[in-house]
Amino acid sequence: MPELEFSRISEAEMRARAEAFLERMRTRRSVRSFSPEPIPLDVVKTAIAAAATAPSGANKQPWTFVLVTDPVTKRAIRQAAEAEERAFYGGRAPERWLRDLEPLGTNADKPFLETAPCLIVVFAQRHGASDEERHYYVQESVGIAAGFLIAALHDAGLATLTHTPSPMAFLGEVLGRPKHERAFLLMPVGYPAAGCEVPGITRKSMAEVLVEVPATG
Ligand code: IYR
């Protein structure tokens, strides 16, 4: 096996980088109102390349990223997504779920699926190109890759929405994906619209998210 290439940095540098990364990540927000301005697609592709460095079960890399900029395809995706969302908001969603969504102000209208200059559809491959090739921990692997993608796009100065119309089977149909690929999430990418508003959310404190196990003995 080849030897790992790994450069250690000083603790001061570690702290500076960890703090800088945290500050950068704190500024990320899910955006639902996009500017129609075009974005540099090479930047988006570089972010997808970063996402594809994610760890995966048995290194099977069970993901496909479909990049959509064609207005006709975006419209087809919007129409199919809105049909699902109308069913969701119009009765399929339990009352409690709708109540939990109220602070976000979401509804069945998804204009951003056409306004955003670019949509990335992340697919999870249930198995390899032949059903003989197994894939492992597919949801975990693709979830990690999606996290890398969101962070990479944000770091590169682009806004995203992690959008999961449910069910998402229409995406495989509209995009002509093979049967063993399941849509995992739909991510509009672009610049926020001028005056874009976001819900006033807070993030949990460290005390709420971190449990440290005390030393024993
Ligand atoms: N898919 C719907 C509903 C929705 C669900 C969750 I969980 C959210 O965090 C946000 C929205 C929609 O996109 O409107």
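In what follows, the structure referred to is the one given above.
Predicted model, so just to flag it, every value in this text is computed and none were measured. Counting of residues starts from 1 at the beginning of each chain's written sequence and follows it residue by residue. For a predicted model such as this one, the threshold for reporting local features is a pLDDT of at least 70, and the threshold for listing and counting side-chain atom pairs is 80 or more; totals across whole chains, interfaces and linings nevertheless cover every residue. Water and hydrogen atoms were dropped before computing side-chain values, which therefore reflect all heavy atoms in the structure.

A.B. asks: What exactly am I supposed to notice about the overall build of the chain here?
C.D. replies: Secondary structure summary: the chain contains 8 helices and 4 strands in total. Helical segments are the DSSP runs of H or I of at least four residues, strand segments are the runs of E of at least two, and each set is numbered from the N terminus. When the helices and strands of the chain are listed from N to C terminus, the series reads α-α-β-α-α-α-β-α-β-α-β-α. For the chain, the spread of C-alpha atoms along the three principal axes comes to 55 × 50 × 40 Å. Relative to its 217 residues, the chain shows a buried fraction of 35%. Between two residues, a contact is recorded if the distance between any of their heavy atoms is within 4.5 Å. Restricting to contacts in the chain with at least 6 residues of sequence separation, those with at least 24 account for 82%. To be clear on the numbers: accessible area is Shrake-Rupley with a 1.4 Å probe, and residue cover counts the displayed protein chains and nothing else. As displayed, the chain offers around 13,700 Å² of accessible surface, 54% of which is attributable to carbon and sulfur atoms. In this tally, Asp and Glu contribute negative charge and Lys and Arg positive charge; neither His nor the terminal groups of the chain are included. Charged side chains are reduced to one point each, which is NZ for Lys, CZ for Arg, CG for Asp and CD for Glu. For the chain, the distance from the average position of its 25 positive side-chain charges to the average position of its 27 negative side-chain charges is 3 Å. Each residue's exposure class comes from its accessible area (1.4 Å probe, protein chains only) as a fraction of the maximum for that residue type: buried when under 20%, exposed when over 50%, partly exposed otherwise.

A.B. asks: Would you explain the environment of Glu 37 in this entry?
C.D. replies: Residue placement: Glu 37 occurs in the loop between α1 (11–26) and α2 (41–51). Accessibility expressed as a relative area gives 44% for Glu 37, which makes it partly exposed. Each C-alpha atom of the pair Glu 37 and Glu 3 lies 45 Å from the other, and the pair is 34 residues apart in sequence. In this structure Glu 37 touches Pro 117 and Tyr 191, once residues within four positions along its chain are discounted.

A.B. asks: Can you help me understand the site of the ligand in this one?
C.D. replies: What surrounds the ligand is the set Glu 85, Phe 88, Tyr 89, Trp 97, Leu 101, Thr 106, Asn 107, Lys 110, His 163 and Thr 164. Residue Glu 85 places a side-chain N or O atom 3.1 Å away from a nitrogen atom belonging to the ligand. Whenever two N or O atoms come within 3.5 Å, that pair is a polar contact, provided that in protein one can donate a hydrogen and the other can accept it, and provided that, for residues adjacent in sequence, both atoms are side-chain atoms. Separating an oxygen atom of the ligand from a side-chain N or O atom of Lys 110 is a distance of 2.5 Å. When the ligand is considered free in solution it has 370 Å² of accessible area, and contact with the protein chains removes 73% of it. With 3 residues, helix α3 (residues 71–92) is the single largest residue contributor to the shell around the ligand. Amino acid classes used here: Ala, Val, Leu, Ile, Met, Phe, Trp, Tyr, Cys and Pro are nonpolar; Asp, Glu, Lys and Arg are charged; the rest, including Gly, are polar. Taken together, the residues that form the shell around the ligand break down as 4 nonpolar, 4 polar and 2 charged. Any residue with a heavy atom positioned within 4 Å of a molecule or strand is treated as near that molecule or strand.

A.B. asks: Which parts of the structure should I look at to understand the pairing of strand β1 (residues 63–68)?
C.D. replies: Here is the key point about a regular strand: its side chains alternate between the two faces of the sheet. Counting buried positions over the 6 residues of β1 gives 5, a clear majority of the element. A pair of strands is treated as paired once DSSP finds two or more bridges between them. Judged from the 6 bridges that link them, β1 and strand β2 (residues 118–125) form a sheet pairing that is antiparallel. By the bridge assignment for β2, Leu 67 is matched with Ile 120.

A.B. asks: Please clarify how unusual backbone geometry should be interpreted in this entry.
C.D. replies: Note: most peptide bonds trans; most residues except glycine with negative phi. Along the chain, Ser 166 connects to Pro 167 via a cis peptide bond; the corresponding omega equals -5°. Structurally, Pro 167 is set in the loop between β3 (159–160) and α7 (169–174). Look at Ala 58: it is not a glycine, yet its phi comes out positive at around 50°. Along the chain, Ala 58 turns up in the loop between α2 and β1. A residue is classified by how much of its surface remains accessible, and Ala 58, at 55% relative accessible area, is exposed. You will see that Tyr 137, though not glycine, has its phi angle at about 45°, which is positive. Along the chain, Tyr 137 falls in the loop between β2 and α6 (138–155).

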